Amino acid sequence: MPAKIIIKANSYYDSVTLMRISGQVARLAGVEDVLVGMGTDLNKASLARMELLTAEADAASPNDLMIGIRAINDDVIEAALREVEELLAPRQESGLEVEEQRPRTIRQACQLSPGFNLALISVPGIYAAREAREALRQGMHVFLFSDNVSVEDEIALKEMAAAQGLLMMGPDCGTAIINGIPLGFANRVRRGSIGIIGASGTGIQQVTTLIDSLGEGISQAIGTGGRDLSEQVGGRTTLAALEALARDSQTQIIVIISKPPAPEVAAKILARAQQAGKPVVLCLLGARPLGHAGANISQCSNLEEAALRAVALARGGKEVSLAVEEAAVTVEALRAGRKAGQKYVRALYGGGTLCDEAMVVFRQEGIPIHSNIPFDQAEALADIERSQGHTFLDMGDDYFTRGRPHPMIEPGLRVPRLLAEAADPEVAVILFDVILGHGSHADPGGIMAEAVQEASQRAAGEGRRLVFVAALIGTDNDPQGLVRQRRQLEEAGVVVLPSNIRAARLAAALVKE
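The paragraphs below set out a description of the structure included in this document.

What counts and what doesn't
Residues numbered from 1 in each chain as written. Predicted model: local features only at pLDDT ≥ 70, side-chain atom pairs only at ≥ 80, totals over all residues. Heavy atoms only, no water. Buried < 20%, exposed > 50% of the residue type's maximum accessible area, 1.4 Å probe, protein only. Helix = DSSP H or I, 4+ residues; strand = E, 2+ residues; numbered from the N terminus. Contact = heavy atoms within 4.5 Å. Salt bridge = Lys/Arg side-chain N within 4 Å of Asp/Glu carboxyl O. Axes fitted to C-alpha atoms, helices over the stretch in contact; angles between N-to-C directions. Parallel < 35°, antiparallel > 145°, perpendicular 65-115°, else oblique. Nonpolar A, V, L, I, M, F, W, Y, C, P; charged D, E, K, R; others polar. Arc of directions from axis to C-beta. Phe/Tyr/Trp six-rings, centres within 6.5 Å; stacked < 30°, edge-to-face > 60°. Pairing = 2+ DSSP bridges.

Description of helix 16 (residues 415-422)
- With 6 of 8 residues buried, helix 16 lies mostly within the body of the structure.
- For helix 16, the full list of buried residues reads Val-415, Arg-417, Leu-418, Leu-419, Glu-421 and Ala-422.
- Tucked into the core, helix 16 has its buried residues touching strand 16 (344-349), strand 18 (391-394), helix 15 (398-401), strand 19 (427-435), helix 17 (444-461) and strand 20 (467-473).

Structural notes on the pattern of salt bridges
- Evaluated as defined, the whole model comprises 26 salt bridges.
- Residue Glu-154 is joined to Lys-158 by a salt bridge in which the shortest nitrogen-to-oxygen separation is 2.8 Å. One end of the pair is Glu-154 and the other is Lys-158, both in helix 8 (residues 151-164) and 4 residues apart, which spans about a single turn. With respect to burial, Glu-154 and Lys-158 carry one shared label: buried.
- As a salt-bridge pair, Arg-315 and Glu-216 come within 2.8 Å of each other at their nearest N and O atoms. Of this pair, Arg-315 sits in the loop between helix 12 (303-314) and helix 13 (331-335) while Glu-216 sits in the loop between helix 9 (201-213) and strand 12 (218-223); the two residues are 99 residues apart in sequence, bridging distant segments of the chain.
- Residue classification places Glu-216 among the buried residues on the basis of a relative accessible area of 18%.
- Here the salt bridges share partners, and the residues they tie into one network are Glu-154, Lys-158, Arg-227 and Asp-228.

Some details on the packing of helix 10 (residues 236-247) against helix 11 (residues 263-274)
- Interaxial distance between helix 10 and helix 11 falls to 10 Å at its minimum, and their mutual angle equals 5°. On the basis of the axis angle, helix 10 is roughly parallel to helix 11. Contacts from Thr-238, Leu-239, Leu-242, Glu-243 and Ala-246 in helix 10 reach Lys-268, Ile-269, Arg-272 and Ala-273 in helix 11.
- Grouping the constituent residues of the contact of helix 10 with helix 11 by class yields 5 nonpolar, 1 polar and 3 charged.

Examining helix 2 (residues 41-49)
- Every buried residue of helix 2 is listed here: Asn-43, Lys-44, Ser-46 and Leu-47. Viewed end-on, helix 2 has its buried residues packed into an arc of 155°, placing them on one side of the element.
- In the core, the buried residues of helix 2 are packed alongside strand 1 (3-8), strand 2 (31-38), helix 3 (55-58) and strand 3 (65-71).
- With its phi angle positive at about 60°, Glu-51 sits one or two positions after the end of helix 2.

Side note on the environment of Pro-2
- Within the fold, Pro-2 resides in the segment before strand 1.
- On the basis of relative accessibility, which here comes to 28%, the residue Pro-2 falls in the partly exposed class.
- For the pair Pro-2 and Val-280, spaced 278 residues apart in sequence, the C-alpha separation works out to 58 Å.

Quick word on the packing of aromatic side chains
- The final tally for this structure, using the stated rule, is 3 aromatic pairs.
- Ring centres of Phe-145 and Phe-185 lie 6.0 Å apart, and the angle between their planes is 50°; on these two criteria the pair is classed as tilted. Of the two residues, Phe-145 is situated in the loop between strand 7 (141-144) and helix 8 and Phe-185 in the loop between strand 10 (181-184) and strand 11 (191-198); the sequence distance between them amounts to 40 residues. Phe-185 carries the same exposure label as Phe-145, and that label is buried.
- Aromatic side chains Phe-362 and Phe-392 sit 4.8 Å apart centroid to centroid with 75° between the ring planes, which places their arrangement in the edge-to-face category. Placement of the pair is Phe-362 in helix 14 (residues 352-364) and Phe-392 in strand 18, with a sequence separation of 30 residues.

Observations regarding the sheet that holds strand 7
- Taken in spatial order, the 3 strands line up as 6-7-8 in an open sheet, and their pairing is parallel. Where the open sheet ends on each side, the last strands, each with one partner, are strand 6 (118-121) and strand 8 (168-169).
- In the sheet, strand 7 pairs with strand 8 via 2 bridges, with the strands oriented parallel. Within the sheet, the bridge partner assigned to Phe-143 lies in strand 8 and is Met-169.

A word on the sheet that holds strand 1
- Across the sheet, which stays open at both edges, the 3 strands sit in the order 1-3-2 with antiparallel pairing between neighbours. Either end of the sheet is taken by a strand with one partner, and the two such strands are strand 1 and strand 2. Neighbour to neighbour, the strand axes of the sheet diverge by 5° on average, direction disregarded.
- Across 6 bridges, strand 1 lies against strand 3 in antiparallel orientation. Bridging across to strand 3, Ala-3 finds its partner in Arg-70.
- Packed onto the sheet, helix 1 (residues 15-26) meets strand 2 and strand 3 and runs at close to 165° relative to strand 2.
- Together, strand 1, strand 2 and strand 3 form the strand contacts of helix 2, whose direction differs from that of strand 2 by roughly 165°.

This is the structure:
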């Protein structure tokens, strides 16, 4: 099959832009594989896996743009290249290029328009620390979307921020909502009295959207970056965020979301939370309860429980529950029509924390699992490309996203794996998430619904029935349209649940002996 590689020297574009372009070009008819990315080692490794790495590409620097395309014929390749060029071209406004009107550095931005107090940074990791340092020097809080920043740089940046009373969110910070403004991947939620601190982007999205659905709102949602609660980093941003929300008059309830922190870090977070002077909800997925935590501390085992507890506290302690329609079909009905030997769940997640939460459910039920992000190495997949038993994949992990869009940006990247899992005669249930909001694909439900229909038809042709279960994360005000997304999925035969924990529990019930 023909392929073409083009290297554009000294042509830098940010990773989010390039991921979106890769996703759009990948959807063109006849395109088999595409990578549009900077000349980093990770992107070169992706080209090598695609068998597109040339000597010229291997010599590219991180400032060089690499475009690699494989398609059914040369005409499709040329059309795809034209599409890339068009998407890379600056837009015109009033006869001037937008790019010419924009400052090229943080320092220039501050010189042109003094008064900025927050910088959102998404550049290659080798430059990210430098740009974050400059933003802090300019007196700005930092939302650092970039990953591949060393832990030493992360610690130095967070110490620098703390010395100035600033927040250093990240690196690898996916989600925040600051003064009602969504940053990164975030949803349109109402303002309110509940403040969120989260090492997880999708965890924040699940909790904030559930709070919104219950009629309450968010004061601030502060992301910390995935390593913040590690022993090395020591919870520096989490502690700073706790201080900020404790002082914030609008915030009446504080929610902290994370995977299990290092024990000594958990002790520091707990001690500071006890002194917050406000109710604090702790949701440490997969962690053991911290014992007697304190009168103002509520410990929750899952994201839905954390949202419900926060809303209850905001309403003076009155318990609340999700308004969920009665399921049209029972577990027994969903099991009906299954062929002998259909016994496994294959979970294809875009959100890593949602994948973690689902794995906790299966562990609690005593159902053995395998994963590319295991809690225990005994549960690690021998080969990520080959599922075994009950398999849980975080398809937003670096293995799947090197040089490619994240599944939240391009859900179609999960389709080949979904079809492959559906073709396995031992598979009974396919579980996945659909995440709406800013930064996400315009129609993730529609993409997944088409894949489900195709997989269902193939299985039916072999006399098998598959059950598809989805956790739909979003709000009525998200740009994708929550009602429309749910309708598309349900019309394709997907069982749609309003929270991830409910979707995981249903999947477990469908396969538990």
